[in-house]
Structure formats: C-alpha cells, structure tokens
Amino acid sequence: MMLEVSHLVVDHGKLRALWDVNLNVSEGQRVGLVGANGAGKSTTLGAIAGLYSAAGGSIVYSGEQLVHHRAPDALARGIVLVPEGRRLFGEMTVRENLRMGAYSGRTRGTLVEGLDKVFALFPVLRDKQAQPARELSGGQQQMVAIGRALMSQPKLLLLDEPFIGVAPILVDEIMAALATIAADGVTMVLVDQNIGRALRFVERATVIQNGRTVLEGDSATLLTDENFATTFMGLD
Amino acid sequence: MSIDVVLQVLVGGILVGGLYALVAFGLSLIYGVVRILNFAHGTILAVTGVAASLIFARWQLSPVLIFILLVPSVFLLGAVFYRGLLHPLERRSPLEATIGTVLVTVGALLILSDVTAVLAGPTQRNIMLRSPVIEVGNIVISVTQLAILAAIVVMTLVIHAILKATWFGLAVRAVTQEPIAAELCGARSLQVKTLTFGVGSATVAIAAVLYVLTFPVDPYMGFGLTVKAFTIIVVGGIGNLPGALIVGVLLGVAEGLVGLFWGPEWSPAISVILLLLILVAFPAGIRWRRG
C-alpha cells in the first residue's frame, strides 16, 4: 500500500474537522474521495500534504509514518497537492508559477525538461508563459496549477476540486491530461463535487461524511450500489 | 529666488528620495513575506549610519570597506532579531502576536536609539569626504553625490535582479502573494522569512552607509524614517520596487521644496500630508502600470 490513512483526526482550532477518516491508496491507483460539502475532503488532502497536523490516527506513506510533517516534507517524498481554488501566484507569470513548482532541491536541476513536459500536456500554456497567471481563464489557471504540481515530480498527486470554475470544454481537456499523467505511473487522489464524473475517472473511491469514512469500494460497485446512489448521487 | 537654488534642492531631494526608497523597499520586502511592521526599521539606518561614521572617524577606513563590514553584520543581526525575538511570537494567538510584534519592534527602536546615544553621544554625525565637485551651470554636484546616485541605481537593479532571477527572489514573491502555495511548492516559510528579514535589514544598512556620506545621522532619527517608509509603501505598493523609487524621489523632492519655500521645520510633516492627500484623492489606491 502506498498510502494508508487510519483513524485520522484533525482539528481546526477548537473545531474537529475529521473524526475518523480511513483512506487506502495503492501505487499507480486512481482513488476518489467523495462526500458532501464540509465532509472533510479538503482537510484530509491537506493533512496528507502537510498543511494540517493530525490530532490522532496515522498517515503511513511508503511504509513511513508521517508525524507532524510540513508541506515541504511531504513534497520531498513526492506527495504533491493541487490545492482547492488553485492558489496561483497571480502577479507572477505562468512560467514563474511553473518554475516555483520546481523550487525544492530535488527538482531544480530538471527545470527545462519539466517545463517541456508541462507544455506538451497543456500546449496553450506555452503561448501564455510570459503572462501574469491572474489574466488566464479559470481552466487555463487550473492547467497552471496542475502543471506547477507536475514540476515537483509527484509520485502521489492530490487533486482538490480541479474542475471548479473551469469551462466544460476545458474539463474534458484537463481530464484527458490527468489520464495521461496517471498512465505515466503517477498515483492520484481526486476530490470532485461531481461524484458521477469522479467515479468515471477513478478506480476506487472512499466516501466521507461529517469527518468519517462511511463507505469504500470499486467505483463500478459504488455506481451500482443503490444505497450509495440514493444517498450521494442525488447531492450534486 | 533663482531657479538655480530650486534645481540644487531638486538634486538633494532626488538623492535623499532614492535612499528613502531603498529603506522603504527593505521594509516592504519584510512586510510582504513576514507580515510584520518593523517599527525599528528606520532605526537600523540611524544606528548603522552612526556606526559607519564612528568607524570612519576612528580608523579612516574607506566607505567601501565600511560597507563590506557593516552590511553583512546588519544582515545577520536582522536574521537573529527575527528568529530570536519575533518568530517565537507566531505561536501566540493572532491578537497577542500582533501586539507582541509591535512591542518588540517599538522596544527595539527605543533601546537601539538609547544605547547608540549612550555609546556614541546624541549628536549628529556624518562622513565628510573631500571630493571634487562638478559644476553644471550654477548647480554644484560633488563626485560623492554622483557616486551615491550611481549606487542607488545599481542597488535597485541588483534587488530587481535578485527578485526576478534567483530562487530566493522567486520564493520571496511567492510567499508574499500566496504563502500556502509557496509552502506546497517546498519553500520552508521559516527559512524564507529569516532570510528576508536579513536581506530587508541589509538593504537599510546599504542605504545607511550611502546616507551618512552626505546627510547627517543621529541616534533618534529612525522613527521619522520609518514613517516615511510607511508612506512610500502605502502609495507605491507593497513589494513594488519601481513604485517605491518613484514615490521615494517625489517625497525627497517635496521635502526639499517645502523646506526651501516654507522652512525646514515643515519638511518632516510633508510625507504625512502627502499621504493623506493621496489617500483622499485615490481611495482605491493607485494602480501602477507594470513594465
């Protein structure tokens, strides 16, 4: 198992955000993390990526337990988060945003190859590379966010709502790019409000509700599960 | 009053304004990354300037050597000041942290000024270099002044290049704009903040050595400078180097002209008056076009 999250508890100040989250991801897999707004999906990804500390439970990655790790520590191990809302460096150019993705010592040497790879995946970014990131459309900004994450050479890519604010036509393009990235052997955890769309992309999914894992299974099984369909598919 | 006098005042205003801009830029660099208003910022110029003039009086070292001696020292002091006294406050609640940083930086301002006054005396000092003068019409410019002007231009270009081309500069801008994303890209915030505090302080030290070559310094001049730096940042924009330079020079020239026409006692007030006028005229801020 590449990633084993067990009984994870996370507090935001005095509020408990996660009570008991379990998530297993094997190497090369695409896993969905689904649930209603406020269920704790972003917090789970953030805890894995080192943005929040666990108040209980454990996160084991490639056999190593991550304790009070910060985002740069996660990054050094190949865990890379594409955060909700993209969080681009708006005043910096597209190229500088991508360059920032290669900031850690591990990836600085392969800056040029990394850029070529991103531009091959999202050709439109090559023409926009000198433009400030804030001037791009939502979909193009998402491409920069994913591209920036790729510059960090992820082994485990965590995607938090990558399709919010993206025009439908670009959703397909980004989806195809993610499939290419996955085919390259990058393991993925995807959070998407649109549960049907998420389940068509991932192989397995974990369902969380009020900070707890309530269901876990193959996406094909979940899609035919009547209980799941009535509880969750109606929500989006 | 002849036009020559006005032009002469303009030259001085541009010079002092360029130095204000360097001071302000150090402050805005620190504020952008660390989100702390360092009230002791201008006092670093006062203390470094006094130190430079003492070193010069005692050993007659060349200003270049004094520069090489003082700038790295102030870099270290700035980094240690942040790491030792300000960083620990970040563990407190937001309100306590804010009040704490004000107390620590204002306290540093008072202590640094007083200790300097006790050690060096409260008098004004500067470094008087004998340098040839160039006369353009009736305006007199010394070679030292020209060298200071050149140094301001070079420093501005160097800072610009550092921010634009180095990994450190990239991280500084990234942390300023989107700290969480910068962390996700592997920029360790404590490391970037400590370095930035050092670099921002070193920027003031650079300005200090240049300042004391033509203008007098004293241990208690720091707070006035900090206020000017705040003005420049608010009008010129956080982290905006060209903006700081334009506003700094405008401020320096305005001070000179106000001093000339109304009397020097009005000079310190002009920065605040300008700030208020601009805030009233442009309540939404001035948007500088980016080059």
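The coordinates are above.
This is a predicted model, so every value here is computed, not measured.

Enquirer: Residue-level account of the packing of helix α9 (residues 222-236) of chain B against helix α10 (residues 241-262) of chain B, with values.
Expert: All names here are of chain B. Interhelical geometry of α9 versus α10 gives an angle of 130 degrees and a closest axis separation of 9 Å. If you check the angle between α9 and α10, you find them oblique. Classified by chirality, the crossing of α10 by α9 is right-handed. Two secondary-structure elements touch here, α9 through Lys-228, Ile-232, Val-235 and Gly-236 and α10 through Gly-243, Ala-244, Val-247, Gly-248, Leu-251 and Glu-255.

Enquirer: Any details on the pairing of strand β1 (residues 133-136) of chain B? Residues and values, ideally.
Expert: All names here are of chain B. As defined by bridge partners, β1 adjoins strand β2 (residues 139-142) across four bridges and the pair is classed as antiparallel. The partner of Val-136 across the bridge, within β2, is Ile-139. In sequence, β1 turns back onto β2 through a hairpin of two residues, with Gly-137 there showing a positive phi of about 60 degrees.

Enquirer: Tell me about the packing of helix α3 (residues 94-101) of chain A against helix α6 (residues 167-177) of chain B, and please be specific about residues and values.
Expert: Between α3(A) and α6(B), whose axes approach to 11 Å, the crossing angle comes to 105 degrees. Judged by the angle between their axes, α3(A) and α6(B) are roughly perpendicular. For the pair α3(A) and α6(B), the contacting residues are A:Glu96, A:Arg99 and A:Met100 in the first and B:Trp167, B:Leu170, B:Ala171, B:Arg173 and B:Ala174 in the second. Classifying every residue of the contact of α3(A) with α6(B) by side-chain character gives five nonpolar, no polar and three charged.

Enquirer: Any chance you could break down the packing of aromatic side chains for me, citing the residues and the numbers?
Expert: According to the stated counting rule, one finds five aromatic pairs over all chains in the structure shown. Their ring planes at 75 degrees and their centres at 6.0 Å tell us that A:Tyr103 and B:Trp167 sit as a pair that is edge-to-face. Within this pair, whereas A:Tyr103 is found in the loop between α3 and α4 (111-121), its partner B:Trp167 is found in helix α6, the two belonging to separate chains. Residue classification places A:Tyr103 among the buried positions, given a relative accessible area of 12%. Between B:Tyr82 and B:Phe197, the aromatic rings sit 5.5 Å apart at their centres with planes inclined by 15 degrees, giving stacked as the arrangement. Of this pair, B:Tyr82 sits in helix α3 (residues 63-86) while B:Phe197 is found in helix α8 (residues 189-211), placing the two residues 115 residues apart along the sequence.

Rules used throughout
- Residues numbered from 1 in each chain as written.
- Chains lettered and ligands numbered in written order.
- Predicted model: local features only at pLDDT ≥ 70, side-chain atom pairs only at ≥ 80, totals over all residues.
- Heavy atoms only, no water.
- Axes fitted to C-alpha atoms, helices over the stretch in contact; angles between N-to-C directions.
- Helix = DSSP H or I, 4+ residues; strand = E, 2+ residues; numbered from the N terminus.
- Parallel < 35°, antiparallel > 145°, perpendicular 65-115°, else oblique.
- Left-handed = near helix turned anticlockwise from the far one by under 90°.
- Contact = heavy atoms within 4.5 Å.
- Pairing = 2+ DSSP bridges.
- Nonpolar A, V, L, I, M, F, W, Y, C, P; charged D, E, K, R; others polar.
- Phe/Tyr/Trp six-rings, centres within 6.5 Å; stacked < 30°, edge-to-face > 60°.
- Buried < 20%, exposed > 50% of the residue type's maximum accessible area, 1.4 Å probe, protein only.

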